[in-house]
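Below, each chain spelled out in residue letters.
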Amino acid sequence: MKRFLLTLICSALLAGAAFAQSSSPTGHRASGAAHAARAAHNSHATGDNNEWWKHAVIYEIYPRSFGDTRGRGFGDLNGITKHLDYLQDLGVDAIWISPAYPSPQVDFGYDISDYVNIAPEYGTLADFDRLVAEAKQRHIRIIMDLVLNHTSDKHKWFLESKSSRTNPKRDWYMWHDGKGPDGTQPPSNWQSVFAHSAWEWAPRTKQFYYHMFYKEQPDLNWSNPKVRKAMYDVARFWMDRGVAGFRLDAITTLFEDPNLHDDPVKPGTNEFGDPNIEHKYTDQLPGVHDVLRELRAVINEYPGRVLIGETYLPNVQELAKMYGANNDELQLPMDTQVGFINKLSVPEFRQKINDAETQLNGNMPLFVFDNHDNRRSWDRYGDGSHNDQIARIIATMLLAPHDTALMFQGQELGMQNTDPKRREDVKDPIGRTGWPKEKGRDGERTPMQWNAGKNAGFSMGASTWLPIAPNYKQVNAAVEAKDPNSILNFYKALIRLRRENAALRDGDFALLNESDNNVLSFLRHSSDGKAVVVAMNFTATEQKVSFDLKPKGISATGATVLLSSFAKAGESGDLGNVNLPAYGVYIAEVR
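To keep things clear, this report deals only with the structure shown in the data block. Because the structure is a prediction, the values reported are computed rather than measured. (Residues numbered from 1 in each chain as written. Predicted model: local features only at pLDDT ≥ 70, side-chain atom pairs only at ≥ 80, totals over all residues. Heavy atoms only, no water.)

**Description of the overall build of the protein chain**
Threshold: Numbering of helices and strands runs from the N terminus; a helix is a DSSP stretch of H or I covering at least four residues, while a strand is a stretch of E covering at least two. C-alpha atoms define the radius of gyration, and 2.2 Å times the number of residues to the power 0.38 defines the globule rule. When accessible area is computed with a 1.4 Å probe and restricted to protein chains, residues below 20% of their type maximum are described as buried, those above 50% as exposed, and intermediate ones as partly exposed. Every accessible area reported is derived by Shrake-Rupley at a probe size of 1.4 Å, with residue values counting cover from the shown protein chains alone.
Helix and strand counts for the protein chain come out as 17 helices and 21 strands. The C-alpha atoms of the protein chain give a radius of gyration of 24 Å, which matches the 25 Å a tight globule of 591 residues would have. Across its three principal directions, the C-alpha atoms of the protein chain cover 80 × 50 × 50 Å. The buried share among the 591 residues of the protein chain stands at 62%. Surface exposure of the protein chain reaches about 21300 Å², of which carbon and sulfur atoms provide 49%.

In structure tokens form, the structure reads like this:
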């Protein structure tokens, strides 16, 4: 669910305008009939492509920070509809909308008080229906964020559940007696990933309830069939309204050990001052797979729907399990193995990308570098001097392999974190609890930078819910659309190329020059004989590389640039002598 799942689970591994013009930059040109290819690729208007999500580009929208049409300083659904032309021009196939349900907003929408409505601050169900319809006209699908692990403590289910021990909904949540002579000590040492004990005492009924996240987010009891049915009906409600599937929040945390064994304690303390623990008894329990199979059966009632999982897992073997032994669970569990290495290491990226291409039993990997819970890739991978060039490397690793790609709003602009400077400015509760070691997630959630006008074109209000990044006059969609060498136009060109070129769209993946620790390179090779070489220089110095493709069954030695951060599209060259400048990206078709 949150960046803390990544930290806790993966620590062992890590010791206002639409831009309809498709301006192709000199060095960012992808040839072909882009609109015709897009229409062919996105055939869902006629309903004949049930596996549209394979090779798709999915774009996460944080609705509070995307577009404000009411002048209140935070976004709304109509703000998304307003910018659909921009998303169409970018080339995305679907948008995943972070929770827009009614919510007390303790966790900014991830504490849901009504699963079958739209929060009034974001609009109405009619606004949502209009968004779905307008998106469909542009061949863009809508994916909802579905939070199954917990509800808000203001949800009617929990209000009933906490009212008495005999209430019919009492066992919809995780209630347990405490320890100690008076029963007021927590039942176990389990910790919330948002700090301190995961148990909250309820004086009225003299029991504890469990919450993996904030105390205002009580965990549901997924061992109760009534809970499962209620949530599956929620999914049907939104699919009946035309949504194309769901991103499943914190999906690995649905079950806990019924015997309440204490989690193992590790040395040291975390940013909240709590003991470090291993979430052995509260995460990745086997029951999760039963639920995923059942939920997959539900969405199969609606052909063409997709399940995306938030899956911060320790290795590719655990990731492979999330697809299901019979490919009957998630279609797209997030591969956070690749995007969150958090350092530009050729050997590590080579291994993790190859793992995804070869160790998932032929299933489609879902790569992601940026989302609303983690510092932006600009900050995590940039060196302060070559951030723009490195942003193009990130784009290439996201979009050039054989994968489905997940982006986060503003990633295509090179937006960076804008972290609060003072504790009193923090909106995210975990930032207030963990300050200054943990500053929260406000920095990656700042408003979308549309233009150089008031509030970056995000809102006409007097102020915005989070501050506009100070670089918005230079880093924004309007300015970058006009700059042929911008990060935005690099993303546009690469997405078009990925769609139009058979090798990049459907081709096999094979590593090249595997002993080179400065340049990451690979081959995409399609069944019609087309081949594309992709190479990225991970260093600040020029690298000379040579590619011998004979071991791959390719005798040709020439290549024509398709897209590059330094060379013009159409330039011909010799694969035996390629010069890559500092952090250079080279994508060329073998001739």
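After presenting the structure, the write-up continues.
**A short note on the side chain of Arg64**
The criterion, for reference: Charge assignment in this entry is limited to Lys and Arg as positive and Asp and Glu as negative, and neither His nor the chain termini are counted. One side-chain nitrogen of Lys or Arg within 4 Å of one carboxyl oxygen of Asp or Glu is enough to make a salt bridge. Whenever a nitrogen or oxygen atom comes within 3.5 Å of another N or O atom, the pair is scored as a polar contact, on the condition that within protein one atom can donate a hydrogen and the other can accept it, and that pairs from neighbouring residues in sequence are kept only if both atoms are in side chains. Two residues form a contact once any of their heavy atoms are found within 4.5 Å.
Among the structural elements, Arg64 can be located in the loop between β1 (57–61) and α3 (77–82). Here Arg64 is buried and forms no salt bridge, its nearest opposite-charge partner Glu121 lying at an N-O distance of 4.7 Å. For Arg64, the side chain forms a polar contact with the side chain of Tyr122, separated by 3.4 Å. Contacts of Arg64, omitting those with residues within four sequence positions, involve Phe74, Gly75, Gln105, Phe108, Tyr122, Phe458 and Trp465.

**Concerning the environment of Ala133**
Structurally, the position occupied by Ala133 is in helix α5 (residues 125–137). Residue classification places Ala133 among the partly exposed residues on the basis of a relative accessible area of 38%. Along the primary structure Ala133 and Thr81 are separated by 52 residues, whereas in three dimensions their C-alpha atoms are 9.6 Å apart.

**A word on helix α11 (residues 346–358)**
In plain terms, the rule: Helix span, expected: 1.5 Å multiplied by one less than the number of residues in the helix.
The terminal C-alpha atoms of α11 lie 18 Å apart, and with 13 residues this matches the ideal 18 Å at 1.5 Å per residue to within 8%. Within α11 the residues assigned to the buried category are Val346, Phe349, Arg350, Lys352, Ile353, Asp355, Ala356 and Glu357.

**Here's the deal with the sheet that holds strand β2 (residues 94–97)**
Here is the rule we go by: Pairing between strands requires that DSSP locate at least two bridges from one strand to the other. Axis lines are fitted through C-alpha atoms, for helices just across the contact stretch, and the angle between N-to-C directions can take any value from 0 to 180 degrees.
Spatially, 8 strands are ordered β1-β2-β3-β7-β10-β11-β12-β13 in a closed barrel, and the strand pairing comes out parallel. On average, each strand axis in the sheet is tilted by 25 degrees relative to the strand beside it, whichever way the strands run. Taken together, the 5 bridges between strand β3 (residues 141–147) and strand β7 (residues 245–249) define a ladder with parallel strand orientation. Across the sheet, Met144 pairs through a bridge with Phe246, a residue of β7. Here α5 sits on the sheet and contacts β2 and β3; the angle it forms with β3, its principal contact strand, is near 140 degrees.

**Section: the sheet that holds strand β21 (residues 585–590)**
The strand order across the open sheet built from 6 strands is β14-β15-β16-β21-β18-β19, with neighbouring strands paired in antiparallel fashion. The open sheet has two edge strands, β14 (508–512) and β19 (572–574), and neither has a second partner. Strand after strand, the sheet turns through a mean of 30 degrees between neighbouring axes, direction not considered. Sheet analysis places strand β18 (residues 558–564) next to β21, joined by 5 bridges and oriented antiparallel. Bridge pairing in β21 links Ser564 to Tyr586. Sitting on the sheet, helix α13 (residues 387–399) touches β15 (519–525), β16 (531–537) and β21, and the angle it makes with β16 is about 145 degrees.

**A look at the pattern of salt bridges**
Tallying each qualifying case throughout the model produces 31 salt bridges. Glu424 is the partner of Arg422 in a salt bridge, and the nearest nitrogen-oxygen pair spans 3.4 Å. Overall, Arg422 belongs to the partly exposed group, its relative accessible area being 44%. Two residues, Arg591 and Glu589, come together in a salt bridge whose shortest N-O distance is 3.1 Å.

Functional significance is not addressed by these values, which are geometric in nature.
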